[in-house]
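As a plain string of letters, each chain reads:
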Amino acid sequence: MVLSLVGDNTLYTVLPDPTIWSRAGLTLGWVGVLLGVNRIVRLIFNTWAGVLFDRLPRRGLLIGSLALGAVCNVIYAVAFGPVPFLIGRILWGAAWSGLWIGGNTVILDVSTDATRGRNSGQFQMWFFTGVAVGALLGGAFTDLFGFRGGLWISAAITGSAAIVWFFKLPETRSVRDKPPSEVRSWRDFPIRESLPAAVPVIAVRFVFAGVMAATTILWLEQYVGRQLSLTWIVIPLATLTGGFSAVRVVASIVGAPLAGRASDRMGRRWPVMAIGLAVGAMGAWLMGGAVIWMAVFGALIAAVTAGSAQALAPAIIGDRVDKARQSRALSVLFSLGDVGSALGPPLALGLLSTLGIEGVYRMSAVVLGLAGVFALTQIRAERRLERAGVSQS
């Protein structure tokens, strides 16, 4: 999973740079579309993935998804102009639907009520490790080997990971698990049970996977220019962006397992969720300031939110939804999250001319704050469910 993210994060890290997109035959408007379209198409692909993972073994679907991800990187490496990039991003949407829903399904397969939060947090930790590694390598590969050269290397890395899975990935679906009945309508999808968990995920994905992923290089440029000059080294902007993104993700790596473990011990998910969102809102607000050290501090504490919310939401699904429908519930959760992350890049880049980077980031803080208020309302709902005999632990 870590190695699947190198090519995708290369695009988020360096493609918003005018010196990159202009040589790829793109415009800034197309960059916003390309960084969001893979999430829009997942509204369709997530549904299919949810049904398939509820009915079929996990192993073959996961290996095929990872191999498709490697093909997408090859397409990026040879593409010029918007159409081939668009094809690659749509295919990556399909690949990531399989990887993400399948991966989270595997985690629920191997978890119990007492370990669901911890295991989900650990899985999110590795996901954020992939984001950090992808951002760091994507920026460095671009500066060392050029945009296309870096993507060829990313394709080789992801393809190698698919080969490793072919030989080593175990099957976690029990042979005793009977496939559910045929899915004939949306009534077969546990939408109502999934919606509460989806609300904070929509907000977090909009802000972190959308707004910040597409604007970090522009956000840093306002503080350091095209390069950071230290007494002993000069760091180009693309490499600096990748390095900073990797450092920021460390907070998410730490936050995810801590939130999961805390919720397991408390037997409560929503209080932990509310705290994480409040911290994220404060950090995003600081990122809109003019003082660089305060902005950097804000970026690091805001990243805790991305880890905690995305670790707790699948655990809430595992608490509330029966095993035969959990993959479909995850598909609802992640589809709604993808709506948020798809809207983030075009909206952020479109508002830059009117709000500026500062206003865009403070708008993001308001979004996280509202999600925190929603999480507080769910604490009472969680207690009502517990009184009704539905355990949330």
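Everything here concerns the structure above.
Residue numbers here run from 1 along each chain, matching the order of that chain's written sequence. At least 70 in pLDDT is required for a residue's local features to be given in this predicted model, at least 80 for side-chain atom pairs to be given and counted, and no such filter applies to totals for whole chains, interfaces and linings, which use all residues. Computation of side-chain values: all heavy atoms of the structure, hydrogens and water removed.

**Digging into the packing of aromatic side chains**
Here comes step 1: To pair, rings of Phe, Tyr and Trp, with the six-membered ring standing in for Trp, must have centres within 6.5 Å; the planes then decide the type, stacked if under 30 degrees apart, edge-to-face if over 60, and tilted in the middle. This model, assessed by the stated rule, comprises 13 aromatic pairs.
Here comes step 2: Seen from their ring centres, Phe-166 and Phe-167 are 5.2 Å apart, and the 90 degrees between their planes marks the pair as edge-to-face.
Here comes step 3: Accessible area is worked out with a 1.4 Å probe on protein chains only. A residue is then buried under 20% of its type maximum, exposed over 50%, and partly exposed in between. Taking the relative accessible area as the measure of exposure, Phe-167 reaches 64% and is therefore exposed.
Here comes step 4: When the ring of Trp-270 is compared with that of Phe-374, the centres are 6.1 Å apart and the planes differ by 80 degrees; the resulting orientation is edge-to-face.

**Side note on the layout of surface pockets**
Here comes step 1: Buriedness of a pocket was judged along seven lines, with at least five required to meet protein on both sides within 12 Å; pockets are open sets of points on a 1 Å grid over the protein atoms alone, cavities are sets where a 1.4 Å probe fits but cannot get out, and lining residues have an atom within 4 Å of a point. Grid points are joined across faces, edges and corners, and a volume is the space filled by probe spheres set on the points. There is about 330 Å³ of room inside the largest pocket.
Here comes step 2: Lining the largest pocket are 14 residues, with Met-1, Ile-107, Phe-123, Trp-165 and Leu-169 sitting closest to its centre.
Here comes step 3: Those elements giving two or more residues to the lining of the largest pocket turn out to be α5 (58–78), α6 (82–109) and α7 (116–168).
Here comes step 4: Ten residue types, Ala, Val, Leu, Ile, Met, Phe, Trp, Tyr, Cys and Pro, are classed as nonpolar, four, Asp, Glu, Lys and Arg, as charged, and the remainder, Gly among them, as polar. Across the lining of the largest pocket, the residue classes break down as 10 nonpolar, two polar and two charged. Numbered from the N terminus, helices here are DSSP runs of H or I no shorter than four residues, and strands are runs of E no shorter than two.

**Let's talk about the nonpolar core**
One broad trend across soluble globular proteins is that nonpolar side chains are buried collectively.
Here comes step 1: For our purposes a nonpolar core is just a set of buried Ala, Val, Leu, Ile, Met, Phe, Trp, Tyr and Cys residues, chained together by side-chain atoms within 4.5 Å. Counting residues in hydrophobic clusters, the biggest one holds 99 residues, and the most contacted among them are Leu-15, Phe-147, Trp-219 and Leu-333.
Here comes step 2: The element that contributes the greatest number of residues to this core is helix α8 (residues 191–224), accounting for 16 residues.
Here comes step 3: Residues count as neighbours in contact if any of their non-hydrogen atoms are within 4.5 Å of one another. Contact partners of Trp-219, with chain neighbours within four places excluded, come to Phe-244, Met-287, Ala-295, Val-296, Ala-299, Ile-357 and Tyr-361.

**Here's the deal with the environment of Gly-93**
Here comes step 1: For Gly-93, the position within the fold is in helix α6.
Here comes step 2: Its relative accessible area of 0% is what places Gly-93 among the buried residues.
Here comes step 3: In this structure, the C-alpha to C-alpha distance between Gly-93 and Ile-379, residues 286 residues apart in sequence, is 34 Å.
Here comes step 4: Gly-93 has contacts with Asn-38, Val-41, Arg-42 and Phe-45, leaving out every residue within four places of it along the chain.

**Describing a nonpolar patch on the surface**
Here comes step 1: Residues form patches when they are more than 30% accessible in relative terms and have no salt bridge. Like charges link within 9 Å. Nonpolar side chains (Val, Leu, Ile, Met, Phe, Trp, Tyr) link within 5 Å. Note on areas: these come from Shrake-Rupley sampling with a 1.4 Å probe, and a residue is covered only by the protein chains present in the view. Here a salt bridge means any side-chain nitrogen of Lys or Arg lying within 4 Å of a carboxyl oxygen belonging to Asp or Glu. Together, Ile-40, Leu-43, Ile-44, Trp-48, Leu-52 and Leu-56 give the surface a local cluster of nonpolar side chains, amounting to about 540 Å² of exposed area.
Here comes step 2: Among the elements that make up the nonpolar patch, the one with the highest residue count is helix α4 (residues 42–55) (four residues).
Here comes step 3: Looking at where Leu-56 falls in the secondary structure, it is placed in the loop between α4 and α5.

**A closer look at the pattern of salt bridges**
Here comes step 1: Applying the stated criterion across every chain, the model contains seven salt bridges.
Here comes step 2: Between Arg-89 and Asp-8 there is a salt bridge, with its nearest N and O atoms 2.7 Å apart. Of this pair, Arg-89 sits in helix α6 while Asp-8 sits in helix α1 (residues 6–14), and the two are 81 residues apart along the sequence. The two residues Arg-89 and Asp-8 agree in class, both being buried.
Here comes step 3: The closest approach of N and O atoms between Glu-193 and Arg-325, which form a salt bridge, is 3.3 Å. In this pair, Glu-193 sits in helix α8 while Arg-325 sits in the loop between α11 (292–320) and α12 (326–387), placing the two residues 132 residues apart along the sequence.
Here comes step 4: One salt-bridge network, in which partners are shared between bridges, spans Arg-42, Arg-205 and Asp-338.

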